[in-house]
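The primary structure of each chain is shown beneath.
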Amino acid sequence: MKKLSLLGLTVLLGACQSLQPAPKTSLYGEVFYLQRSALPPTATLSVSLQDVSLADAPAIVLDEQNGPVKGQVPLPFHLSYDPAQVKPGHRYSVSARIEVDGKLMFITTEHHAVRLDGKDPQPLKIRVDAVR
């Protein structure tokens, strides 16, 4: 009976280990702008990691950070993704935007490509430009 209980416990523990989520990988950096102006306390920052491979389809968001701005530029961000989601031959990029009271104030205007192969230089520096 003890052997049967031990065998059952071993099978159960093995099943639990296979259900653990895959380890995530991170990208971190900071968002900045060149204008000499302070952000109001109601400003929010959104940074996203996207698969931008398909030209005729919306980008697929792998991770996104949204929230109130704490302090002034440079604004730190941290994105996590599952390496199993990274597909060979696909293109990935990081984009950012700053809104104040729901109105877009700053946005990325350049493509910030990342390879997601573990060799991306970090911290990433993402520039946003004022919306006129």
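As annotated in an unreviewed UniProt entry, the protein chain is Lipoprotein from Pseudomonas laurylsulfatiphila.

*Asks:* Hey, could you run me through the side chain of D120 in this one?
*Replies:* Its place among the elements puts D120 in the loop between β7 (113-114) and β8 (124-127). For the buried D120, which has no salt bridge, the nearest side chain bearing the opposite charge is R115, at an N-O separation of 4.5 Å. Of the polar contacts made by the side chain of D120, one reaches the backbone nitrogen of R115; its length is 2.8 Å. Setting aside its immediate chain neighbours within four residues, D120 contacts L27, V114 and R115.

*Asks:* Help me understand the sheet that holds strand β4 (residues 75-81) in this model?
*Replies:* Read across the sheet, three strands follow the order β4-β1-β8 without closing on themselves; strand pairing throughout is mixed. Two strands close off the open sheet at either side, each with one partner strand: β4 and β8. Averaged over all neighbouring strand pairs, the angle between strand axes comes to 35°, with direction disregarded. Where strand β1 (residues 25-32) and β4 come together, seven bridges link them in antiparallel fashion. Opposite T25, over in β4, you have Y81 as the bridge partner.

*Asks:* Quick question: what am I supposed to make of the packing of aromatic side chains here?
*Replies:* Both the distance between ring centres and the angle between the ring planes are used here to describe each pair of aromatic rings. Evaluated as defined, the whole model comprises one aromatic pair. Note on Y33 and F106: the rings are 4.2 Å apart at their centroids and 10° apart in plane angle, and the pair reads as stacked. Of this pair, Y33 sits in the loop between β1 and β2 (43-51) while F106 is found in strand β6 (residues 103-107), placing the two residues 73 residues apart along the sequence. Since its relative accessible area comes to 5%, Y33 is described here as buried. A residue is classified by how much of its surface remains accessible, and F106, at 7% relative accessible area, is buried.

*Asks:* What am I meant to see in the layout of surface pockets here?
*Replies:* Once rolled over the atoms, a probe with the size of a water molecule shows which space is left empty. Considering only enclosed or pocket space, the largest pocket measures out at about 150 Å³ in volume. Contributing to the lining of the largest pocket are L45, Q65, N66, G67, P68, V69, K70, L75 and P76. Of all elements in the fold, only β3 (60-68) and β4 reach the threshold of two or more residues within the lining of the largest pocket. In terms of residue count, the dominant contributor to the lining of the largest pocket is β3 (four residues). Broken down by class, the residue content of the lining of the largest pocket amounts to five nonpolar, three polar and one charged.

*Asks:* I keep staring at the nonpolar core and nothing clicks. Help me out?
*Replies:* If you look at the biggest cluster of nonpolar residues, it comprises 25 residues, and the most contacted ones within it are L27, V31, L49, V94 and I98. Contributions of two or more residues to this core are made by β1, β2, β4, β5 (92-100) and β8. At five residues, β5 tops the list of elements feeding residues into this core. For I98, the contacting residues outside a window of four places in its chain are Y33, L39, A43, T44, L45, L75, K103, L104, M105, F106 and V128.

So, how was this worked out
- Residues numbered from 1 in each chain as written.
- Predicted model: local features only at pLDDT ≥ 70, side-chain atom pairs only at ≥ 80, totals over all residues.
- Heavy atoms only, no water.
- Helix = DSSP H or I, 4+ residues; strand = E, 2+ residues; numbered from the N terminus.
- Buried < 20%, exposed > 50% of the residue type's maximum accessible area, 1.4 Å probe, protein only.
- Lys, Arg positive; Asp, Glu negative; His and termini not counted.
- Salt bridge = Lys/Arg side-chain N within 4 Å of Asp/Glu carboxyl O.
- Polar contact = N/O pair within 3.5 Å; in protein donor to acceptor, adjacent residues only side chain to side chain.
- Contact = heavy atoms within 4.5 Å.
- Pairing = 2+ DSSP bridges.
- Axes fitted to C-alpha atoms, helices over the stretch in contact; angles between N-to-C directions.
- Phe/Tyr/Trp six-rings, centres within 6.5 Å; stacked < 30°, edge-to-face > 60°.
- 1 Å grid on protein atoms, 1.4 Å probe; cavity = no way out; pocket = protein on both sides within 12 Å on 5 of 7 lines; lining within 4 Å.
- Points joined across faces, edges and corners; volume = space filled by probe spheres on them.
- Nonpolar A, V, L, I, M, F, W, Y, C, P; charged D, E, K, R; others polar.
- Core = buried A, V, L, I, M, F, W, Y, C linked by side-chain atoms within 4.5 Å.

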